[in-house]
Amino acid sequence: PYSKVKDDAYKLSKIIEEEAKNRGEKRNEKGGFDRELLQKIGNELRQKNTSYLAKEVLKRIGIVEEKVVSGNSHPIIIDGIKNTGEIREFRKYSNFFLFSIDTYIEKRWERVREKYEGRQNDFFADDERDHNENIDYGQQVDKCVYLSDVLVNNDSDIKKQLFDKIDYYLALIKGETYMYPMP
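Rules and cut-offs
Residues numbered from 1 in each chain as written. Predicted model: local features only at pLDDT ≥ 70, side-chain atom pairs only at ≥ 80, totals over all residues. Heavy atoms only, no water. Core = buried A, V, L, I, M, F, W, Y, C linked by side-chain atoms within 4.5 Å. Buried < 20%, exposed > 50% of the residue type's maximum accessible area, 1.4 Å probe, protein only. Contact = heavy atoms within 4.5 Å. Helix = DSSP H or I, 4+ residues; strand = E, 2+ residues; numbered from the N terminus. Polar contact = N/O pair within 3.5 Å; in protein donor to acceptor, adjacent residues only side chain to side chain. Salt bridge = Lys/Arg side-chain N within 4 Å of Asp/Glu carboxyl O. Phe/Tyr/Trp six-rings, centres within 6.5 Å; stacked < 30°, edge-to-face > 60°.

A.B. asks: Looking at this structure, how should I read the nonpolar core?
C.D. replies: Side chains of nonpolar character tend, in soluble globular proteins, to be buried together. Formed by 20 residues in total, the largest nonpolar core has its most connected members in Ile16, Ile41, Leu53, Ile81, Phe90 and Phe96. If sequence neighbours within four positions are ignored, Phe90 has contacts with Ala54, Val57, Leu58, Ile78, Ile81 and Phe96. One finds Val150, Val152, Leu162 and Ile166 within the second-largest nonpolar core, a separate group that totals six residues.

Quick look at the structure:
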């Protein structure tokens with residue numbers, strides 16, 4: 001089940017955080033890096049090649065030249081795909097399925113209000129940038145959602161409901177269940 005493998009997810013943001021650390025970037029008061037800084041570094045890395053982060057995570061998984069070398073047969077979760085160049089790289093693999101987890105903006109705000117210290121305008125500005133950055137190497141969340149194979153709604157505050165939805169789609173992909181057409 002997804003709930004058992006989600007913690008093993010490969011996160012594209014981890015590669016960006018490692019780059020920030022290697023550059024000696026200043027950490028914020030909470031010990032992490034500011035979101036704006038990480039987005040800037042992510043854009044710089046993708047400016048070299050829009051599939052840069054995807055290629056880096058594939059190396060970590062153990063996939064080289066479109067062949068699995070680590071022998072993994074379980075689902076591999078890759079979190080944080082935000083650019084269509086990353087999707088193009090992953091689409092080279094016939095067993096790649098892109099899931100988008102979507103939540104209404106009001107619910108997203110409710111979940112991150114504390115992180116933004118109540119600054120709703122900052123949240124909306126970040127959200128707009130994430131979804132519609134108008135550069136090839138930038139944040140392209142809307143385009144990524146459009147290209148997804150599966151769109152999962154995550155408006156519930158009960159994580160088990162999200163995990164159950166993901167498990168259902170994983171079972172469909174693996175041929176363990178089926179879905180009847182809807183009239």
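Past the structure itself, the notes keep going.
A.B. asks: Explanation requested: the side chain of Glu133 in the structure shown.
C.D. replies: Along the chain, Glu133 turns up in the loop between helix H7 (120–132) and helix H8 (141–147). A distance of 2.9 Å separates a polar atom in the side chain of Glu133 from a polar atom in the side chain of Arg129. Once residues within four sequence positions are removed from consideration, Glu133 is found in contact with Asn43, Glu128, Gly138, Gln139 and Gln140.

A.B. asks: Looking at this structure, how should I read helix H6 (residues 105–112)?
C.D. replies: Along an α-helix, a turn takes 3.6 residues, which lines up residues three or four apart on a common side. Looking only at H6, the buried set comprises Lys107, Arg108 and Trp109. Tucked into the core, H6 has its buried residues touching strand S5 (99–102) and H7.

A.B. asks: Help me understand the pattern of salt bridges, please; the structure alone is not making it clear to me.
C.D. replies: Pairs may arise between side chains of opposite charge once their charged atoms sit close together. Counting across every chain of the model gives 20 salt bridges. When salt bridges that share partners are traced, they join Glu19, Arg23, Lys40 and Glu44 into one network.

A.B. asks: Is there a simple way to think about the packing of aromatic side chains in this case?
C.D. replies: The description of two aromatic rings rests on the distance between their centres and on the angle between their planes. Taken as a whole and judged by the stated rule, the model has eight aromatic pairs. On the basis of an interplanar angle of 25 degrees and a centroid distance of 5.4 Å, the ring pair of Phe90 and Phe96 is categorised as stacked. Residue Phe90 shares its accessibility class with Phe96, and that shared class is buried. Considering the side-chain rings of Phe99 and Tyr169, the 6.4 Å spacing of their centres and the 85 degrees angle between planes classify their relative orientation as edge-to-face. Here Phe99 is found in strand S5, whereas its partner Tyr169 is found in helix H9 (residues 159–174), with 70 residues between them in sequence. For Tyr169, a relative accessible area of 25% puts it in the partly exposed group. Of the aromatic side chains, those joined through ring pairs into one cluster are Trp109, Tyr116, Phe123 and Phe124.

A.B. asks: Even after reading the chapter, I still don't get the side chain of Asn154, so can you show me in this structure?
C.D. replies: Within the element layout of this structure, Asn154 appears in the loop between strand S6 (150–153) and H9. Sequence-distant contacts of Asn154, that is, excluding residues within four places in its chain, are made with Ile101, Asp102, Thr103, Arg111 and Leu162.

Fair warning: the whole summary comes from geometry, so function is off the table for now.
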